[in-house]
Amino acid sequence: MNRQNILIIGSGGREHALGWKLKQSPKVEKIYFAPGTAGTAQVGENTNINPLDFDSLIKFAKENSIDLTIAGPDDILAAGIVNIFKKQRLKIFGPTKEAAQIESSKAFAKDLMKKNNIPTAAYQTFTDPEKAKDYARKHKAPIVIKASGLALGKGVVVAKTINEAINAINDAMVKKVFGDAGSEIVIEEYLEGKEVSIHAFSDGRTISLFPTARDHKPIYDGHKGPNTGGMGTIAPLSEISKKEINEIKEKIVIPAIQGMKKMGIPFTGCLYPGLMLTKDGPKVIEFNSRFGDPEMESYMRLLKTDIFEILNACVEERLSEIDIKWSSKFACCIVLASAGYPASSQKGIPIHGLDKFVDDPEIVVFHFATKKNEDNIVTNGGRVLGVTATGKTLDEALNKAYSAIGKNGIHFKGMQYRSDIGKL
Ligand code: AMP
Ligand code: GLY
């Protein structure tokens, strides 16, 4: 095989981490990002293409002899990027629009789970706000209100009181704060337990589980404040036994993949169920149809196998041929966010201290939203950087990552981060 040209669509820390790992593959020639960040420019070449501009992406892939494209974010999968690339006979990693409904429509996901006896929270869907409010009043708080469509990870309210639930229903359905994503809502039973992220590579038939991971969604320490896209991850979770992982595989991941295949909508790509470990066993909170961000930042620090080989095998439906190996170490990612996030974000703030870690093999910093401004790297959005480290123990990894953050390390004006990642 000739050395391969890769196009990564998306600009998160996830895409930077993927590119960083792909660059280590002897099979990879050149990596392009659409559009990329100041961080991805250190791994490959940024293009100025908007991820939703499919015509320009196709043109770019053809003109630059791209051998494999990887679609990062959920919105482009839901908009059918994979269908469009496949139609042009261009190789792309990710699920089709139909298969991506497992994430883009909570109603579709709930239906799949019902049909395949996959354990999840009890729920009901509503298109009428008054009926939704009646239902919420009949059930006790806490109760969970979710916009059915995609809302950048922010469409979920865990309501602690009925008043909060009514406000959340009004926000989604009457005020339409998530636009069309909230025209339909799901009201769900509150699940109590510890949260786990599971990821699995799938070629539509065969699956391969990643180590377990945990994201930390609320903005503030102690799991306080509004939910974000994710403020930090750890992997693997030592409190989860092999038996529990097997239960997750047998009761959740395999039935989901087989259920989709039976429906004639095979799922190729990364299936990422978010789970709650309840006293009655693992239950699905949601399915994602892509790599988690910031899960991927921790995962790429642990993956030993050539990621190009894995992604290519998924696309060619021969994942069963690949023996995927993970390090026995622990990894973490601490997200550094802008002032105002998640409600708003400050842009253009100079970032200090990045150069201290450029040649440090221990600390790898992935960029979510940064830009080069003359000689400075500046902030360019809500989540800005993900600082990752590995260690023989989780504490070792966390201590290393945290030691790189602050006045003597990486910092910027208004920087917010959680100081309790992996500690709860
Ligand atoms: P989602 O966008 O569905 O992942 O939800 C965001 C966050 O809300 C999750 O990571 C959980 O922490 C929380 N959450 C969602 N659904 C439930 C539920 N049924 N019970 C308890 N917490 C939930
Ligand atoms: N880790 C949160 C997400 O990717 O949705």
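Above this text is the structure in question.
So, a few notes on the structure that sits alongside this text. (Residues numbered from 1 in each chain as written. Chains lettered and ligands numbered in written order. Predicted model: local features only at pLDDT ≥ 70, side-chain atom pairs only at ≥ 80, totals over all residues. Heavy atoms only, no water.)

### A short note on the sheet that holds strand 9 (residues 185–189)
Item 1. One open sheet accounts for four strands, arranged 6-9-7-8; its pairing is antiparallel. Strands at the two margins of the open sheet, each flanked by one partner only, are strand 6 (123–126) and strand 8 (156–159). Neighbouring strand axes in the sheet, compared pairwise and without regard to direction, differ in orientation by 20° on average.
Item 2. Relative to strand 6, helix 7 (residues 129–138) is tilted by about 160°, and along the sheet it contacts strand 6, strand 7 (143–147) and strand 9. (Pairing = 2+ DSSP bridges. Helix = DSSP H or I, 4+ residues; strand = E, 2+ residues; numbered from the N terminus. Axes fitted to C-alpha atoms, helices over the stretch in contact; angles between N-to-C directions. Contact = heavy atoms within 4.5 Å.)

### Considering the site of ligand 2
Item 1. The local shell around ligand 2 consists of Asp215, Lys217, Gly229, Tyr272, Arg290, Gly292, Asp293, Pro294 and Glu295.
Item 2. At 2.8 Å, a side-chain N or O of arginine 290 approaches an oxygen atom of ligand 2.
Item 3. In the model, an oxygen atom of ligand 2 is placed 3.0 Å from a nitrogen or oxygen of the aspartate 293 main chain.
Item 4. Contact with the protein chains covers 92% of the free accessible surface of ligand 2, which is 200 Å².
Item 5. Considering only residue class, the shell around ligand 2 consists of two nonpolar, two polar and five charged. (Near = heavy atom within 4 Å. Polar contact = N/O pair within 3.5 Å; in protein donor to acceptor, adjacent residues only side chain to side chain. Areas by Shrake-Rupley, 256 points an atom, 1.4 Å probe, with all protein chains shown as cover. Nonpolar A, V, L, I, M, F, W, Y, C, P; charged D, E, K, R; others polar.)

### Things to note about the site of ligand 1
Item 1. Lining the immediate surroundings of ligand 1 are 15 residues, of which Glu188, Glu189, Leu191, Glu195 and Glu286 lie closest.
Item 2. The separation between a nitrogen atom of ligand 1 and a polar side-chain atom of lysine 146 is 3.1 Å.
Item 3. Separating a nitrogen atom of ligand 1 from a backbone N or O atom of leucine 191 is a distance of 2.8 Å.
Item 4. Here ligand 1 has 480 Å² of accessible area as a free molecule, and 93% of this is covered by the chains.

By themselves, these observations are geometric and do not establish any function.
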